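Read off the chains here:
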Amino acid sequence: TAARGGAGAKAEAQVAADQQRADTLVAQYKTEHDAYAVLSASNYGLDGASNGEAPTGGADAALVPVIRQCVAEVSWQYCSAELKRTGKAEAYCNVLQNCYAHDFEPEECRPATCPLNERGCDFASICMHPEILEEYMAETAQTAPAAAGAA
């Protein structure tokens, strides 16, 4: 029983640490942009729909896959933290993993606006911050040559 109590306390501490990290990121990088709306305006970068024109929010076609990757990861972090914290998930959280696995092609994966509650949408908005985008672009540049070499 003592081991179970220790594990529970450790899990609670991890949830608190995850929440604090998310709050810090939101405080530092939150934007007024709805990252999901920006993706929607470019059809999530599918079917060449963004055709090089800047969709709402100022993202150009080259940024759409970067924004999509960030939104998927940040939304998943939010959903995981909420599930740990509350024991239940928002509706979109239940389809997010499938959406990511299928590159957001299913219609249910491409909401016109942020499908999460305000806290989740604030967290997803960090994906529109220039410093966050630069970080994701740098990650993409580092992994792209390795992936190409492996093919």
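The numbers attached to residues start from 1 for each chain and follow its sequence in the written order. Under the rules for a predicted model, residues below a pLDDT of 70 receive no local features and side-chain atom pairs below 80 are neither given nor counted, while totals for whole chains, interfaces and linings still include all residues. Excluding hydrogens and water, the side-chain figures rest on all heavy atoms present in the structure.

Trainee: Quick one: what's the story with helix H3 (residues 64-86), residue by residue and with numbers?
Mentor: Here a helix means four or more residues in a row that DSSP labels H or I, a strand means two or more in a row labelled E, and each is numbered from the N terminus. By this rule the span expected of a helix is its residue count minus one, scaled by 1.5 Å. Taking 1.5 Å per residue, 23 residues should reach 33 Å; H3 reaches 32 Å between its end C-alpha atoms and fits that length. At the exit of H3 stands glycine 87, carrying a positive phi of roughly 85°.

Trainee: Outline the state of the cysteines, supporting the account with residue identities and numerical values.
Mentor: The rule for a disulfide is simple: a pair of cysteine sulfur atoms within 2.5 Å. Under the criterion given, the structure shown has 4 disulfides. Between the sulfur of cysteine 99 and that of cysteine 109 lies a disulfide, 2.0 Å long from S to S. Where cysteine 99 bonds to cysteine 109 through sulfur, the torsion about that S-S bond is close to -85°, and the disulfide is left-handed. Highlighted residues: cysteine 99 in helix H4 (residues 93-101) and cysteine 109 in the loop between H4 and helix H5 (118-125), separated in sequence by 10 residues. Across this residue pair, the class does not change: cysteine 99 and cysteine 109 are buried. A disulfide bridge connects cysteine 114 with cysteine 121, and the sulfur atoms are separated by 2.2 Å. Across the S-S bond of cysteine 114 and cysteine 121 the torsion is about -100°, and the bridge reads as left-handed. Relative accessible area decides the class of each residue, using a 1.4 Å probe on protein chains only: under 20% of the type maximum gives buried, over 50% gives exposed, and in between gives partly exposed.

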